[in-house]
Amino acid sequence: MKKIILALCILPTQLFAAQDCFTTNTVPEGKLTLQQVIELGLCRNPETTSAYLSLESARFNKNAGYAQYLPNVSASGSANLPYRNKEWSDWSYGASISASYLIFDFGKRLSDVNQLIATWRATGFDYSESVQNYVYSIIGAYYALLNADADVFTANSLKTVAQTAKDTADKKFKAGAVAKADVLKADTTLASRILDLERAKNNREIAKGTLLSKLSFSANQNIEIADMPAEFGTESENKNIDELIALAEEKRPDLLRAAANKDAAWHRRNSAFLSNLPSISASGSLSWNNTPSEVYNSGQDNISGSIGIRASMPIFAGFANVYNVRSAQANYERAIEQERATKDAAVLDVFTAYQNYKTAQTVLKQTETLLASAKETENVTAGMYKVGKATMLDWQTALADLADAHKQNNAAKYDLFTKRAALALSIGDIKEGLIVEGEEDE
């Protein structure tokens with residue numbers, strides 16, 4: 001469990017070493033890499049902080065469970081002023097100290113402690129899962145912003161091409177080489193490209209605000225992020241599906257949490273059964289009292305004490321103990337089934353993420369081919385129109401195909417990165433989705 005938490009949370013902090021990322025209200029300047037954005041988010045996110053505090057609470061409860069192995073010591077003091085026959089007597093004083101120690105209980109306290117340890121481990125895996133899910137949401141928002149940036153760049157480039165087409169149509173119309181319809185078509189296309197650019201800018205603002213919100217910053221601020229390398233997420237990184245499932249069984253927090261919950265239920269069942277067996281304790285006490293001489297029995301037993309051994313065993317409690325044992329047994333069997341169901345869901349999750357990732361790789365290749373073809377078609381059609389071998393409708397069709405190809409390629413590229421992160425999340429190691437070439441040895 002510690003390895004999972006460390007792998008996710010102990011990231012380099014050089015970027016934010018000079019400032020308190022939790023209290024700052026301003027986004028750091030400069031282009032931020034994905035890892036730096038994740039660092040910033042983990043420092044500021046209230047959900048992961050809440051999960052960590054739950055982990056701390058479970059740890060303190062576990063530590064409190066060890067108190068059963070230590071003596072129980074208590075002290076008391078008293079001061080009394082008696083009132084009899086309408087008269088106040090003198091003050092009397094007393095003090096006592098007592099101690100008890102559980103000697104033997106057939107292992108019940110050990111089961112209690114083991115239950116708390118298993119619960120603490122389960123809470124730790126729950127914390128790890130919370131961190132990984134948050135990191136995955138940051139990755140999705142990061143790539144969505146990159147995709148939106150790419151769409152703005154593409155829309156701006158296509159607007160420039162549409163402007164060129166309009167200028168060409170104007171010149172040819174003035175020269176009498178084409179009809180007025182070509183100019184109107186070119187005007188319509190340019191207006192459409194300007195509209196696409198405005199929509200792309202709006203989508204980018206929304207994507208930027210979403211990322212800033214996940215980082216707990218105001219959505220009206222600005223943030224600059226670095227693009228990912230083109231070779232990120234290649235087929236050479238692919239692993240066998242059986243290997244991925246084996247990794248998931250070792251690393252997925254939900255599987256590890258289910259196993260820890262099963263262990264806790266097992267120890268809870270044992271504790272319920274052992275509570276019906278005898279327990280042996282040792283006890284001792286020492287007391288002192290100072291009673292005025294005129295009080296009955298004054299001066300006797302000023303100091304007294306006792307030591308002893310006590311054995312106890314529940315005999316009958318209205319069948320509550322029997323039902324508690326049966327309830328604990330049922331909960332244990334339920335935990336077994338929940339662990340099995342979690343494992344089945346995890347295997348399906350890994351298989352689905354693996355297939356989605358492979359499909360995303362294929363789709364990216366196809367969109368790259370489509371984009372290259374659309375670019376070439378647009379260039380050829382533009383040249384043919386300029387020499388009168390093609391119509392404006394042909395050129396506008398080529399431009400529309402080019403715009404669609406650009407959008408598909410942008411979406412496929414960042415969808416591949418997201419699917420790669422989803423695959424890493426499915427095996428319980430989201431950090432695998434952040435490694436890029438050149439960083440593996442760091």
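Our subject is the structure listed above.
The model shown is predicted, which means the values in this text are computed figures rather than measured ones.

What counts, and where the lines are drawn
Residues numbered from 1 in each chain as written. Predicted model: local features only at pLDDT ≥ 70, side-chain atom pairs only at ≥ 80, totals over all residues. Heavy atoms only, no water. Helix = DSSP H or I, 4+ residues; strand = E, 2+ residues; numbered from the N terminus. Buried < 20%, exposed > 50% of the residue type's maximum accessible area, 1.4 Å probe, protein only. Areas by Shrake-Rupley, 256 points an atom, 1.4 Å probe, with all protein chains shown as cover. Expected span 1.5 Å × (residues − 1). Axes fitted to C-alpha atoms, helices over the stretch in contact; angles between N-to-C directions. Parallel < 35°, antiparallel > 145°, perpendicular 65-115°, else oblique. Left-handed = near helix turned anticlockwise from the far one by under 90°. Contact = heavy atoms within 4.5 Å. Nonpolar A, V, L, I, M, F, W, Y, C, P; charged D, E, K, R; others polar. Pairing = 2+ DSSP bridges. Phe/Tyr/Trp six-rings, centres within 6.5 Å; stacked < 30°, edge-to-face > 60°. Lys NZ or Arg CZ within 6 Å of the ring centre and 35° of its normal. Patch = residues over 30% accessible without salt bridge, like charges linked within 9 Å, V, L, I, M, F, W, Y side chains within 5 Å. Salt bridge = Lys/Arg side-chain N within 4 Å of Asp/Glu carboxyl O.

### Regarding the overall build of the chain
On a plain count of helices and strands, the chain comes out with nine helices and eight strands. Per-residue burial over the chain gives 38% buried out of 442 residues. Of the accessible surface of the chain, which amounts to about 24,800 Å², a share of 54% is contributed by carbon and sulfur atoms.

### As for helix α5 (residues 180-214)
Taking 1.5 Å per residue as the helical rise, α5 with its 35 residues ought to reach 51 Å, and the 52 Å between its terminal C-alpha atoms agrees with that figure. Ser216 occupies a position one or two residues after α5 and carries a positive phi of about 65°.

### Looking at the packing of α5 against helix α9 (residues 392-426)
The description of two helices packed together rests on the angle between their axes and the distance between the axes. Put simply, α5 and α9 touch, their axes get as near as 9 Å, and they point 15° apart. When the interaxial angle is binned, α5 and α9 end up roughly parallel. At the point where α5 passes α9, the crossing takes the left-handed sense. Counted together, Asp182, Lys185, Ala186, Thr189, Arg193 and Asp196 of α5 and Met392, Leu393, Gln396, Leu399, Ala400, Ala403 and Lys407 of α9 form the full contact between these two elements. Here the contact of α5 with α9 is composed, by residue class, of six nonpolar, two polar and five charged.

### So, the side chain of Gln396
In this structure, Gln396 sits in helix α9. With a relative accessible area of 10%, Gln396 lands in the buried category. Excluding anything up to four places from it in sequence, Gln396 contacts Ala165, Lys185, Ala186 and Thr189.

### Structural notes on the sheet that holds strand β7 (residues 279-290)
The sheet built from four strands is open, its strands ordered β2-β5-β7-β8 with antiparallel pairing. Both outer strands of the open sheet, β2 (72-80) and β8 (303-312), are each paired with one neighbouring strand and no more. Pairs of neighbouring strands in the sheet enclose a mean axial angle of 15°, with direction left out of account. Examined bridge by bridge, strand β5 (residues 92-104) and β7 share 11 bridges and lie antiparallel to one another. Within the sheet, the bridge partner assigned to Ala99 lies in β7 and is Gly284.

### A short note on the packing of aromatic side chains
Inspection of the entire model under this criterion finds nine aromatic pairs. When the ring of Tyr385 is compared with that of Trp395, the centres are 5.4 Å apart and the planes differ by 45°; the resulting orientation is tilted. Of the two residues, Tyr385 sits in helix α8 (residues 320-386) while Trp395 sits in helix α9, which places them 10 residues apart along the sequence. The exposure classification of Tyr385 matches that of Trp395, with both residues buried. Where Tyr414 meets Phe417, the ring centres are 5.8 Å apart and the plane angle is 80°; that geometry is what we call edge-to-face. With Tyr414 and Phe417 both in helix α9 and three residues apart, the pair spans about one turn of that helix. With respect to burial, Tyr414 and Phe417 carry one shared label: buried. A connected cluster of aromatic rings, assembled from ring pairs, spans Tyr142, Tyr143, Tyr414 and Phe417. For Lys172, the ring lying beneath its charged end belongs to Tyr385, and the centroid distance is 4.4 Å.

### What about a nonpolar patch on the surface?
A cluster of nonpolar side chains, contributed by Val73, Leu81, Tyr83, Trp88, Trp91, Tyr93, Ile97, Leu286, Trp288 and Ile303, occupies part of the molecular surface with about 1,100 Å² of accessible area. Secondary-structure elements contributing two or more residues to the nonpolar patch are β5 and β7. When you line up the elements, Trp88 lands in strand β4 (residues 87-88).

By themselves, these observations are geometric and do not establish any function.
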